[in-house]
Amino acid sequence: MELHRGQLLGMTKEEILEEMERTKWKKNLKTIVKDWRLYVLLLPMVVFFFLFRYLPMVGILIGFRDQGEVAKQSAWDIFYRFDFVGFERVKELIFGAQSFYFWRAFRNTFVLSLYGLIFGFPMPIILALLFSEIKNNLYRSVSQIITYLPKFISTVVISSMVLKMLSVGLEGQYSDGVLTRLLEAIGAIKDSDKSIVQQPQYFRAVYQISGIWEGTGYGSIVYFAAIMSISPTNYEAARIDGANKLQQIRHITLPGVAPTLTIMLILRIGDILNVGYEKVILLVGDTGSDQNPIMETAQVISTYVYYSTTGATGGAAVGAENRAAIADLFNALIAMCLVLGSNFISRRVSNTSLF
(Lines give C-alpha, C1' and ligand atoms only; values in the text may rest on other atoms or scores of the structure.)
Protein backbone atom coordinates (compact mmCIF):
# COMPACT_ATOMS: atom_id res chain seq x y z
CA MET A 1 0.00 0.00 0.00
CA GLU A 2 1.36 3.42 -0.98
CA LEU A 3 -0.58 5.23 1.73
CA HIS A 4 1.45 6.56 4.66
CA ARG A 5 0.37 5.82 8.19
CA GLY A 6 -0.31 9.49 8.79
CA GLN A 7 -2.74 9.61 5.88
CA LEU A 8 -4.78 6.74 7.34
CA LEU A 9 -5.49 8.64 10.52
CA GLY A 10 -8.87 10.25 10.48
CA MET A 11 -10.08 8.28 7.40
CA THR A 12 -13.13 6.06 7.55
CA LYS A 13 -13.10 2.43 6.48
CA GLU A 14 -14.94 3.27 3.23
CA GLU A 15 -12.44 6.01 2.40
CA ILE A 16 -9.52 3.67 3.03
CA LEU A 17 -11.00 0.98 0.75
CA GLU A 18 -11.72 3.56 -1.93
CA GLU A 19 -8.17 4.88 -1.76
CA MET A 20 -6.77 1.34 -1.94
CA GLU A 21 -8.86 0.64 -5.07
CA ARG A 22 -7.68 3.88 -6.68
CA THR A 23 -4.05 3.00 -5.86
CA LYS A 24 -4.47 -0.46 -7.40
CA TRP A 25 -5.78 0.98 -10.68
CA LYS A 26 -2.92 3.48 -10.76
CA LYS A 27 -0.43 0.61 -10.42
CA ASN A 28 -2.11 -1.34 -13.20
CA LEU A 29 -2.11 1.70 -15.49
CA LYS A 30 1.58 2.31 -14.83
CA THR A 31 2.34 -1.31 -15.66
CA ILE A 32 0.41 -1.10 -18.95
CA VAL A 33 2.14 2.14 -19.93
CA LYS A 34 5.54 0.72 -19.02
CA ASP A 35 5.07 -2.54 -20.97
CA TRP A 36 2.81 -1.22 -23.74
CA ARG A 37 4.77 -3.07 -26.44
CA LEU A 38 3.88 -6.43 -24.90
CA TYR A 39 0.19 -5.52 -24.81
CA VAL A 40 0.30 -4.46 -28.45
CA LEU A 41 1.75 -7.87 -29.32
CA LEU A 42 -1.05 -9.45 -27.28
CA LEU A 43 -3.78 -7.52 -29.13
CA PRO A 44 -3.94 -9.71 -32.31
CA MET A 45 -4.46 -12.82 -30.19
CA VAL A 46 -7.25 -11.12 -28.21
CA VAL A 47 -8.96 -10.08 -31.46
CA PHE A 48 -8.58 -13.60 -32.86
CA PHE A 49 -10.12 -15.24 -29.80
CA PHE A 50 -12.97 -12.74 -29.76
CA LEU A 51 -13.84 -13.20 -33.44
CA PHE A 52 -13.32 -16.94 -33.78
CA ARG A 53 -13.87 -18.30 -30.25
CA TYR A 54 -16.24 -16.06 -28.30
CA LEU A 55 -18.40 -14.48 -31.00
CA PRO A 56 -19.46 -17.86 -32.50
CA MET A 57 -20.81 -18.83 -29.07
CA VAL A 58 -23.88 -16.78 -29.96
CA GLY A 59 -24.78 -19.59 -32.34
CA ILE A 60 -25.49 -21.81 -29.32
CA LEU A 61 -28.78 -19.93 -28.98
CA ILE A 62 -29.96 -21.56 -32.21
CA GLY A 63 -30.41 -24.77 -30.25
CA PHE A 64 -33.00 -23.15 -28.01
CA ARG A 65 -34.98 -21.24 -30.64
CA ASP A 66 -37.77 -22.20 -32.97
CA GLN A 67 -36.50 -23.59 -36.30
CA GLY A 68 -38.87 -21.46 -38.35
CA GLU A 69 -37.88 -18.28 -36.56
CA VAL A 70 -34.19 -18.98 -37.10
CA ALA A 71 -34.71 -19.55 -40.81
CA LYS A 72 -36.50 -16.22 -41.23
CA GLN A 73 -33.98 -14.09 -39.37
CA SER A 74 -30.37 -13.18 -39.92
CA ALA A 75 -27.62 -14.49 -37.66
CA TRP A 76 -27.30 -11.11 -35.95
CA ASP A 77 -30.93 -11.25 -34.78
CA ILE A 78 -29.85 -13.81 -32.21
CA PHE A 79 -28.21 -10.97 -30.26
CA TYR A 80 -31.47 -9.25 -29.38
CA ARG A 81 -34.31 -11.67 -30.19
CA PHE A 82 -34.76 -14.64 -27.91
CA ASP A 83 -37.77 -16.65 -29.08
CA PHE A 84 -36.90 -19.62 -26.94
CA VAL A 85 -38.62 -22.98 -27.21
CA GLY A 86 -37.11 -24.19 -23.96
CA PHE A 87 -35.43 -27.57 -23.85
CA GLU A 88 -37.59 -29.21 -26.50
CA ARG A 89 -34.64 -29.72 -28.83
CA VAL A 90 -32.54 -31.12 -25.98
CA LYS A 91 -35.24 -33.69 -25.19
CA GLU A 92 -35.59 -34.50 -28.87
CA LEU A 93 -31.84 -34.99 -29.20
CA ILE A 94 -31.57 -37.30 -26.18
CA PHE A 95 -34.92 -39.11 -26.22
CA GLY A 96 -36.44 -38.38 -29.64
CA ALA A 97 -36.83 -40.49 -32.76
CA GLN A 98 -33.38 -39.48 -34.02
CA SER A 99 -31.67 -40.02 -30.64
CA PHE A 100 -30.21 -43.35 -31.84
CA TYR A 101 -27.86 -41.53 -34.23
CA PHE A 102 -26.72 -39.11 -31.52
CA TRP A 103 -25.96 -41.80 -28.93
CA ARG A 104 -24.21 -43.89 -31.55
CA ALA A 105 -22.04 -40.88 -32.44
CA PHE A 106 -21.38 -40.18 -28.76
CA ARG A 107 -20.38 -43.82 -28.14
CA ASN A 108 -18.05 -43.90 -31.13
CA THR A 109 -16.47 -40.56 -30.18
CA PHE A 110 -15.80 -41.76 -26.65
CA VAL A 111 -14.45 -45.14 -27.78
CA LEU A 112 -12.14 -43.63 -30.41
CA SER A 113 -10.80 -41.08 -27.93
CA LEU A 114 -10.40 -43.70 -25.19
CA TYR A 115 -8.41 -45.94 -27.52
CA GLY A 116 -6.32 -42.93 -28.47
CA LEU A 117 -5.68 -42.20 -24.79
CA ILE A 118 -4.75 -45.79 -23.95
CA PHE A 119 -2.64 -46.60 -27.00
CA GLY A 120 -1.69 -43.20 -28.38
CA PHE A 121 -0.78 -41.22 -25.25
CA PRO A 122 2.15 -43.44 -24.09
CA MET A 123 3.77 -43.62 -27.54
CA PRO A 124 5.36 -40.11 -27.54
CA ILE A 125 6.75 -40.79 -24.06
CA ILE A 126 8.31 -44.08 -25.20
CA LEU A 127 9.73 -42.44 -28.33
CA ALA A 128 11.20 -39.59 -26.26
CA LEU A 129 12.87 -42.14 -23.96
CA LEU A 130 14.37 -43.88 -26.99
CA PHE A 131 15.63 -40.58 -28.41
CA SER A 132 17.25 -39.69 -25.09
CA GLU A 133 19.32 -42.90 -25.22
CA ILE A 134 20.83 -42.09 -28.63
CA LYS A 135 24.27 -40.62 -28.04
CA ASN A 136 25.10 -39.72 -31.65
CA ASN A 137 23.64 -36.23 -32.15
CA LEU A 138 23.52 -36.46 -35.94
CA TYR A 139 21.72 -39.80 -35.96
CA ARG A 140 19.30 -38.59 -33.29
CA SER A 141 18.53 -35.38 -35.19
CA VAL A 142 17.84 -37.25 -38.42
CA SER A 143 15.64 -39.78 -36.61
CA GLN A 144 13.64 -37.02 -34.95
CA ILE A 145 13.09 -35.14 -38.21
CA ILE A 146 11.82 -38.34 -39.86
CA THR A 147 9.30 -38.93 -37.07
CA TYR A 148 8.18 -35.27 -37.09
CA LEU A 149 7.44 -35.17 -40.82
CA PRO A 150 3.95 -36.78 -40.81
CA LYS A 151 2.68 -34.01 -38.52
CA PHE A 152 3.70 -31.35 -41.04
CA ILE A 153 1.96 -33.12 -43.90
CA SER A 154 -1.66 -32.26 -44.57
CA THR A 155 -4.30 -34.59 -43.13
CA VAL A 156 -5.62 -34.96 -46.68
CA VAL A 157 -2.25 -36.33 -47.84
CA ILE A 158 -1.89 -38.60 -44.80
CA SER A 159 -5.37 -40.04 -45.33
CA SER A 160 -4.67 -40.55 -49.03
CA MET A 161 -1.45 -42.39 -48.20
CA VAL A 162 -3.31 -44.64 -45.76
CA LEU A 163 -5.97 -45.42 -48.35
CA LYS A 164 -3.35 -46.16 -50.99
CA MET A 165 -1.51 -48.55 -48.68
CA LEU A 166 -4.71 -50.35 -47.74
CA SER A 167 -6.51 -50.40 -51.07
CA VAL A 168 -6.10 -49.31 -54.66
CA GLY A 169 -9.08 -48.26 -56.74
CA LEU A 170 -8.78 -48.73 -60.50
CA GLU A 171 -11.62 -47.32 -62.60
CA GLY A 172 -14.21 -48.02 -59.93
CA GLN A 173 -12.83 -51.50 -59.15
CA TYR A 174 -11.19 -52.43 -55.89
CA SER A 175 -7.90 -54.24 -55.38
CA ASP A 176 -5.86 -54.86 -52.24
CA GLY A 177 -3.14 -52.47 -51.19
CA VAL A 178 0.26 -53.58 -49.96
CA LEU A 179 -0.65 -53.45 -46.25
CA THR A 180 -3.92 -55.26 -46.83
CA ARG A 181 -2.09 -58.07 -48.61
CA LEU A 182 0.43 -58.26 -45.77
CA LEU A 183 -2.32 -58.46 -43.13
CA GLU A 184 -4.11 -61.13 -45.13
CA ALA A 185 -0.87 -63.13 -45.44
CA ILE A 186 -0.33 -63.22 -41.66
CA GLY A 187 -4.01 -63.97 -41.03
CA ALA A 188 -4.80 -60.68 -39.25
CA ILE A 189 -7.76 -60.01 -41.55
CA LYS A 190 -9.94 -62.09 -43.82
CA ASP A 191 -9.94 -61.79 -47.59
CA SER A 192 -12.68 -59.45 -48.75
CA ASP A 193 -13.88 -57.79 -51.90
CA LYS A 194 -14.29 -54.57 -49.94
CA SER A 195 -11.64 -52.09 -48.78
CA ILE A 196 -10.56 -52.61 -45.19
CA VAL A 197 -11.37 -48.97 -44.42
CA GLN A 198 -14.96 -49.53 -45.53
CA GLN A 199 -15.48 -52.38 -43.06
CA PRO A 200 -16.83 -51.25 -39.66
CA GLN A 201 -14.85 -53.78 -37.63
CA TYR A 202 -11.52 -52.43 -38.90
CA PHE A 203 -12.16 -48.68 -38.99
CA ARG A 204 -11.17 -47.94 -35.39
CA ALA A 205 -7.85 -49.76 -35.75
CA VAL A 206 -7.06 -47.92 -39.00
CA TYR A 207 -7.98 -44.57 -37.43
CA GLN A 208 -5.86 -45.12 -34.30
CA ILE A 209 -2.78 -46.58 -36.02
CA SER A 210 -2.72 -43.80 -38.60
CA GLY A 211 -3.16 -41.24 -35.80
CA ILE A 212 -0.24 -42.70 -33.85
CA TRP A 213 1.92 -42.66 -36.97
CA GLU A 214 1.00 -39.04 -37.63
CA GLY A 215 1.34 -37.55 -34.16
CA THR A 216 3.80 -39.61 -32.12
CA GLY A 217 6.97 -37.93 -33.36
CA TYR A 218 5.66 -34.40 -32.93
CA GLY A 219 4.20 -35.22 -29.52
CA SER A 220 7.54 -36.50 -28.28
CA ILE A 221 9.11 -33.02 -28.47
CA VAL A 222 7.69 -31.91 -25.12
CA TYR A 223 8.72 -35.08 -23.30
CA PHE A 224 12.17 -35.11 -24.88
CA ALA A 225 12.75 -31.53 -23.70
CA ALA A 226 11.63 -32.51 -20.17
CA ILE A 227 13.99 -35.50 -20.16
CA MET A 228 16.92 -33.37 -21.36
CA SER A 229 16.30 -30.92 -18.48
CA ILE A 230 17.04 -33.63 -15.89
CA SER A 231 20.51 -33.22 -14.40
CA PRO A 232 23.03 -35.84 -15.66
CA THR A 233 24.45 -36.09 -12.15
CA ASN A 234 21.30 -37.94 -11.07
CA TYR A 235 22.01 -40.68 -13.61
CA GLU A 236 25.69 -40.80 -12.61
CA ALA A 237 24.75 -41.28 -8.96
CA ALA A 238 22.28 -44.01 -9.91
CA ARG A 239 24.89 -45.84 -11.99
CA ILE A 240 27.36 -45.68 -9.07
CA ASP A 241 24.67 -47.25 -6.88
CA GLY A 242 24.32 -50.07 -9.40
CA ALA A 243 21.03 -49.07 -11.06
CA ASN A 244 20.47 -50.51 -14.51
CA LYS A 245 18.82 -48.62 -17.38
CA LEU A 246 15.24 -49.60 -16.51
CA GLN A 247 15.77 -48.65 -12.87
CA GLN A 248 17.14 -45.27 -13.94
CA ILE A 249 14.06 -44.66 -16.10
CA ARG A 250 11.74 -45.71 -13.28
CA HIS A 251 13.34 -43.76 -10.43
CA ILE A 252 14.85 -40.73 -12.22
CA THR A 253 13.41 -40.14 -15.69
CA LEU A 254 9.71 -40.75 -15.03
CA PRO A 255 9.61 -38.72 -11.77
CA GLY A 256 11.50 -35.95 -13.57
CA VAL A 257 8.94 -35.70 -16.37
CA ALA A 258 5.93 -36.34 -14.10
CA PRO A 259 4.78 -32.66 -13.96
CA THR A 260 4.93 -32.37 -17.76
CA LEU A 261 3.20 -35.71 -18.17
CA THR A 262 0.42 -34.65 -15.77
CA ILE A 263 -0.26 -31.40 -17.63
CA MET A 264 -0.31 -33.14 -20.99
CA LEU A 265 -2.63 -35.84 -19.64
CA ILE A 266 -5.09 -33.24 -18.35
CA LEU A 267 -5.12 -31.54 -21.74
CA ARG A 268 -5.59 -34.89 -23.47
CA ILE A 269 -8.50 -35.82 -21.18
CA GLY A 270 -10.16 -32.49 -21.94
CA ASP A 271 -9.81 -33.26 -25.63
CA ILE A 272 -11.22 -36.77 -25.28
CA LEU A 273 -14.50 -36.00 -27.07
CA ASN A 274 -12.96 -33.81 -29.74
CA VAL A 275 -12.69 -36.08 -32.79
CA GLY A 276 -12.64 -34.00 -35.97
CA TYR A 277 -14.87 -34.87 -38.89
CA GLU A 278 -12.17 -34.17 -41.49
CA LYS A 279 -10.14 -37.34 -41.07
CA VAL A 280 -13.22 -39.55 -40.67
CA ILE A 281 -14.74 -38.27 -43.93
CA LEU A 282 -11.39 -38.49 -45.72
CA LEU A 283 -11.00 -42.13 -44.72
CA VAL A 284 -14.53 -43.42 -45.30
CA GLY A 285 -15.61 -40.87 -47.91
CA ASP A 286 -18.49 -38.44 -47.76
CA THR A 287 -21.17 -41.13 -47.61
CA GLY A 288 -23.92 -38.52 -47.40
CA SER A 289 -25.99 -40.73 -45.13
CA ASP A 290 -25.97 -42.23 -41.67
CA GLN A 291 -27.48 -45.39 -43.10
CA ASN A 292 -24.11 -46.49 -44.51
CA PRO A 293 -22.85 -49.56 -42.55
CA ILE A 294 -19.42 -47.99 -42.00
CA MET A 295 -21.08 -45.31 -39.86
CA GLU A 296 -21.76 -47.96 -37.22
CA THR A 297 -18.21 -47.32 -35.96
CA ALA A 298 -17.15 -44.23 -37.93
CA GLN A 299 -19.92 -41.83 -36.95
CA VAL A 300 -18.71 -39.31 -34.34
CA ILE A 301 -20.29 -36.19 -32.88
CA SER A 302 -18.57 -33.86 -35.34
CA THR A 303 -19.79 -35.89 -38.34
CA TYR A 304 -23.22 -36.08 -36.73
CA VAL A 305 -23.31 -32.28 -36.62
CA TYR A 306 -22.02 -32.13 -40.20
CA TYR A 307 -24.62 -34.53 -41.58
CA SER A 308 -27.39 -32.92 -39.52
CA THR A 309 -26.76 -29.52 -41.04
CA THR A 310 -26.49 -30.98 -44.55
CA GLY A 311 -29.66 -33.03 -44.25
CA ALA A 312 -28.36 -36.58 -43.90
CA THR A 313 -29.27 -37.25 -40.26
CA GLY A 314 -32.91 -36.40 -40.42
CA GLY A 315 -31.88 -33.03 -41.74
CA ALA A 316 -35.13 -32.55 -43.58
CA ALA A 317 -37.02 -32.84 -40.31
CA VAL A 318 -37.84 -29.81 -38.23
CA GLY A 319 -35.09 -28.86 -35.80
CA ALA A 320 -32.14 -30.67 -37.42
CA GLU A 321 -29.89 -27.60 -37.13
CA ASN A 322 -31.12 -27.10 -33.57
CA ARG A 323 -30.16 -30.64 -32.63
CA ALA A 324 -26.74 -30.16 -34.21
CA ALA A 325 -26.13 -27.04 -32.10
CA ILE A 326 -27.26 -28.84 -28.94
CA ALA A 327 -25.02 -31.83 -29.73
CA ASP A 328 -22.02 -29.53 -30.14
CA LEU A 329 -22.84 -27.80 -26.85
CA PHE A 330 -23.28 -31.17 -25.12
CA ASN A 331 -19.84 -32.19 -26.34
CA ALA A 332 -18.23 -28.96 -25.12
CA LEU A 333 -19.84 -29.18 -21.65
CA ILE A 334 -18.61 -32.73 -21.11
CA ALA A 335 -15.10 -31.73 -22.23
CA MET A 336 -15.12 -28.82 -19.76
CA CYS A 337 -16.23 -31.12 -16.92
CA LEU A 338 -13.49 -33.61 -17.77
CA VAL A 339 -10.81 -30.89 -17.71
CA LEU A 340 -12.03 -29.47 -14.39
CA GLY A 341 -12.37 -32.93 -12.84
CA SER A 342 -8.99 -34.23 -13.94
CA ASN A 343 -7.32 -30.96 -12.91
CA PHE A 344 -8.94 -31.14 -9.45
CA ILE A 345 -7.89 -34.76 -8.93
CA SER A 346 -4.34 -34.04 -10.11
CA ARG A 347 -4.03 -31.05 -7.78
CA ARG A 348 -5.18 -33.16 -4.81
CA VAL A 349 -3.07 -36.21 -5.62
CA SER A 350 0.20 -34.81 -6.99
CA ASN A 351 0.09 -31.04 -6.29
CA THR A 352 0.54 -30.51 -10.03
CA SER A 353 -2.29 -28.93 -11.99
CA LEU A 354 -3.05 -26.93 -15.09
CA PHE A 355 -4.57 -24.06 -13.12
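Structure: above.
The structure displayed is predicted, hence computed values, not measured ones. (Residues numbered from 1 in each chain as written. Predicted model: local features only at pLDDT ≥ 70, side-chain atom pairs only at ≥ 80, totals over all residues. Heavy atoms only, no water.)

**A word on the pattern of salt bridges**
Part 1: Inspection of the entire model under this criterion finds three salt bridges.
Part 2: The salt bridge partner of Glu296 is Arg104, with a shortest N-O separation of 3.7 Å. Placement of Glu296 in helix α15 (residues 295-298) and of Arg104 in helix α6 (residues 99-120) is noted, with a sequence separation of 192 residues between them.
Part 3: On the accessibility criterion, Arg104 (5% relative accessible area) is buried.
Part 4: Accessibility expressed as a relative area gives 35% for Glu296, which makes it partly exposed.
Part 5: It is possible to trace a salt-bridge network through shared partners that takes in Arg104, Arg107 and Glu296. (Salt bridge = Lys/Arg side-chain N within 4 Å of Asp/Glu carboxyl O. Helix = DSSP H or I, 4+ residues; strand = E, 2+ residues; numbered from the N terminus. Buried < 20%, exposed > 50% of the residue type's maximum accessible area, 1.4 Å probe, protein only.)

**Describing the side chain of Ser210**
Part 1: Tracing the backbone through its elements, the reader meets Ser210 in helix α11 (residues 200-228).
Part 2: For Ser210, a relative accessible area of 4% corresponds to the buried category.
Part 3: Polar side-chain contacts of Ser210 include one of 2.8 Å to the backbone oxygen of Val206.
Part 4: There is a polar contact of 2.9 Å between the side chain of Ser210 and the side chain of Lys279.
Part 5: Those residues within four positions of Ser210 in sequence are excluded, and the remaining contacts are Val162 and Lys279. (Polar contact = N/O pair within 3.5 Å; in protein donor to acceptor, adjacent residues only side chain to side chain. Contact = heavy atoms within 4.5 Å.)

**Here's the deal with the layout of surface pockets**
Part 1: Computed from the structure, the largest pocket encloses a volume of approximately 1,100 Å³.
Part 2: Around the largest pocket sit 31 residues that line it, and Lys151, Gly211, Gly215, Arg268 and Asp271 are the ones nearest its centre.
Part 3: At the level of elements, α6, α11, α13 (245-270) and α14 (277-284) are the ones that each hand at least two residues to the lining of the largest pocket.
Part 4: Broken down by element, the lining of the largest pocket gets its largest block of residues, 12 residues, from α11.
Part 5: Per-class residue counts for the lining of the largest pocket are 14 nonpolar, 11 polar and six charged.
Part 6: Lining the second largest pocket are 34 residues, and of these Ile60, Asp328, Leu329, Asn331 and Ala332 sit closest to its centre.
Part 7: Elements with a minimum of two residues in the lining of the second largest pocket: α3 (36-54), α13, α14, α16 (301-310) and α17 (320-350). (1 Å grid on protein atoms, 1.4 Å probe; cavity = no way out; pocket = protein on both sides within 12 Å on 5 of 7 lines; lining within 4 Å. Points joined across faces, edges and corners; volume = space filled by probe spheres on them. Nonpolar A, V, L, I, M, F, W, Y, C, P; charged D, E, K, R; others polar.)

**A few points about the side chain of Ser113**
Part 1: Structurally, Ser113 can be placed in helix α6.
Part 2: Residue Ser113 is classed as buried on the basis of its relative accessible area, which comes to 10%.
Part 3: When sequence neighbours within four positions are dropped, the list of residues in contact with Ser113 reads Ile272, Leu273 and Val275.

**Observations regarding the nonpolar core**
Part 1: Counting residues in hydrophobic clusters, the biggest one holds 34 residues, and the most contacted among them are Leu93, Ile227, Tyr304 and Ala327.
Part 2: Dropping the residues within four chain positions of it, Ala327 is found in contact with Leu93, Phe102, Ile301, Tyr304 and Val305. (Core = buried A, V, L, I, M, F, W, Y, C linked by side-chain atoms within 4.5 Å.)

**Observations concerning the packing of α6 against α11**
Part 1: Look at α6 against α11: their axes get within 10 Å of each other, and the N-to-C directions meet at 45 degrees. The orientation of α6 with respect to α11, classified from their angle, is oblique. The hand of the α6/α11 crossing is right-handed. Across the interface between the two elements, Arg107, Asn108, Val111, Leu112, Tyr115, Gly116, Phe119 and Gly120 of α6 pack against Phe203, Arg204, Tyr207, Gln208 and Ile212 of α11.
Part 2: Grouping the constituent residues of the contact of α6 with α11 by class yields seven nonpolar, four polar and two charged. (Axes fitted to C-alpha atoms, helices over the stretch in contact; angles between N-to-C directions. Parallel < 35°, antiparallel > 145°, perpendicular 65-115°, else oblique. Left-handed = near helix turned anticlockwise from the far one by under 90°.)

**Let's talk about the packing of aromatic side chains**
Part 1: Under the definition given, this model contains 16 aromatic pairs.
Part 2: A centroid spacing of 5.8 Å and a plane angle of 85 degrees characterise the contact between Phe48 and Phe49, whose relative ring orientation is edge-to-face.
Part 3: With 6.3 Å between their ring centres and 85 degrees between their planes, Trp103 and Phe330 make a pair best called edge-to-face. Here Trp103 is found in helix α6, whereas its partner Phe330 is found in helix α17, with 227 residues between them in sequence.
Part 4: Residue Trp103 is classed as partly exposed on the basis of its relative accessible area, which comes to 35%.
Part 5: Under the relative-accessibility criterion, Phe330 is labelled partly exposed at 24%.
Part 6: One aromatic cluster in this structure is built from Phe102, Trp103, Phe106, Tyr304 and Phe330. (Phe/Tyr/Trp six-rings, centres within 6.5 Å; stacked < 30°, edge-to-face > 60°.)

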